[in-house]
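Commentary on secondary and tertiary structure
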Amino acid sequence: FHRIYGREGTSTIGGLIDRLTRRGMFARFEEVMRQCRSVNAQTMLDVGCGPGIHDAILASELNMRIQGIDVAPNMIELAKSNTDARGVADKCAFSVEDFMAFDPGRKYDISMALGVVEYIPQPTDFIARMMTCTQKKVMFSLPVKWHVLTPQRAIRYKIRKCPLRFYDAGDIEKLMQICEVKTYELKRMYRDYLVIVSMNE
């Protein structure tokens, strides 16, 4: 994912293949940026920030201040390196954290988790906690259950013994009901969904 988003070490052909097969990843982030602009978001909590590519772009292009957390120390080191290389290290803070034990000490305009929730067996507590940290919008992605590429992805992750769950609109509606969310947007981004919860609705 670092290579896909950051384009590091990717040939022109490889970049085109990534654009075609993983275009949902790019589309969902473009929508995230649009949502941030729509509420003039100044701060964000990025849960499962990975290598910080998203954060570097948001800090650079939207002048946002970002708190990124991830359970993987090597991802946090990459995130620090990437934001430093883009000249926005002063706008971004990163730490190795378990989100469910994380104490933000504040509310952020936006809380985001891309490519994270599908690995959580019972994600409702996770989503509810995101909402307690947020004052404008919560956004998270989920992989589409019925897509032509779903079977190969499911097999690939099963071989790796990595739990991964796929969702349809009904599954997401059940999650939202448990979290007591009455109004939300569900945007289909090729083989991903982006769920957007507006906290003032």
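Just above, that's the structure.
What counts and how
- Residues numbered from 1 in each chain as written.
- Predicted model: local features only at pLDDT ≥ 70, side-chain atom pairs only at ≥ 80, totals over all residues.
- Heavy atoms only, no water.
- Helix = DSSP H or I, 4+ residues; strand = E, 2+ residues; numbered from the N terminus.
- Buried < 20%, exposed > 50% of the residue type's maximum accessible area, 1.4 Å probe, protein only.
- Contact = heavy atoms within 4.5 Å.
- Arc of directions from axis to C-beta.
- Polar contact = N/O pair within 3.5 Å; in protein donor to acceptor, adjacent residues only side chain to side chain.
- Pairing = 2+ DSSP bridges.
- Right-handed = clockwise from strand over helix to strand, strands pointing away.
- Axes fitted to C-alpha atoms, helices over the stretch in contact; angles between N-to-C directions.
- Salt bridge = Lys/Arg side-chain N within 4 Å of Asp/Glu carboxyl O.
- Lys, Arg positive; Asp, Glu negative; His and termini not counted.

1. Quick notes on the overall build of the protein chain
Along the backbone of the protein chain there are eight helices and seven strands. The burial tally for the protein chain puts 50% of its 201 residues in the buried class. For the protein chain, the proportion of contacts with a sequence separation of at least 24, taken over those separated by at least 6, is 68%.

2. Section: helix H8 (residues 169–178)
Buried within H8 are the following residues: Ile172, Leu175 and Met176. Viewed end-on, H8 has its buried residues packed into an arc of 95°, placing them on one side of the element. Along H8, exposed side chains directed more than 90 degrees from the buried face belong to Lys174, Gln177 and Ile178. In the core, the buried residues of H8 are packed alongside helix H6 (124–132), strand S5 (134–143), strand S6 (185–189) and strand S7 (192–198). One side-chain oxygen at the N-terminal end of H8 lies 3.1 Å from the backbone nitrogen of Gly170; it belongs to Asp168. Trailing H8 by a residue or two, Glu180 shows a phi angle of about 60°, which is positive.

3. Description of the side chain of Thr43
Among the secondary structure elements, Thr43 is positioned in strand S1 (residues 43–47). What makes Thr43 buried here is its relative accessible area of 11%. Discounting chain neighbours no more than four positions away, the residues touching Thr43 are Met64, Arg65, Arg106, Tyr108, Asp109 and Ile110.

4. Digging into the pairing of strand S2 (residues 65–70)
A large share of S2 lies buried, amounting to five of its six residues. One ladder, built from five bridges, connects S1 with S2; its direction is parallel. Residue Leu45 lies in a different strand from S2, and its bridge partner there is Gln67. As defined by bridge partners, S2 adjoins strand S3 (residues 92–96) across five bridges and the pair is classed as parallel. Paired with Asp70 across the strands is Val96, a residue of S3. Of the crossover connections in this fold, the one passing from S2 over helix H5 (residues 73–85) to the parallel S3 is right-handed.

5. Quick look at the sheet that holds strand S4 (residues 108–113)
With respect to topology, seven strands assemble into an open sheet ordered S3-S2-S1-S4-S5-S7-S6, the strand pairing being mixed. The sheet terminates laterally at S3 and S6, the two strands that pair on one side only. Strand after strand, the sheet turns through a mean of 15° between neighbouring axes, direction not considered.

6. Side note on the environment of Arg165
Mapping Arg165 onto the fold places it in the loop between helix H7 (150–159) and H8. Residue Arg165 is classed as partly exposed on the basis of its relative accessible area of 30%. Each C-alpha atom of the pair Arg165 and Pro121 lies 7.9 Å from the other, and the pair is 44 residues apart in sequence. Those residues in contact with Arg165 that lie beyond four places of it in its chain are Glu118, Tyr119, Ile120, Pro121 and Pro143.

7. Some remarks on the pattern of salt bridges
Across all of its chains, the model carries seven salt bridges by this definition. Of the charged contacts, one joins Lys187 and Glu185 as a salt bridge, the two residues approaching to 3.6 Å between their closest N and O atoms. Taken together, the salt bridges that share partners define one network made up of Glu31, Arg34, Glu185 and Lys187.

8. Remarks on the side chain of Lys137
By the secondary structure assignment, Lys137 is in strand S5. It turns out Lys137 is buried and unbridged, and the closest side chain with the opposite charge, Glu185, is 4.4 Å from it. Sequence-distant contacts of Lys137, that is, excluding residues within four places in its chain, are made with Gln35, Ser38, Val39, Asp109, Ile110, Ser111, Glu185, Ile196, Val197, Ser198 and Met199.

9. Description of the environment of Pro163
Structurally, Pro163 is set in the loop between H7 and H8. On the accessibility criterion, Pro163 (44% relative accessible area) is partly exposed. Separated by 42 residues in the primary sequence, Pro163 and Pro121 place their C-alpha atoms 8.0 Å from one another. In this view, Pro163 contacts Glu118 and Tyr119; residues no more than four positions away in its chain are not counted.

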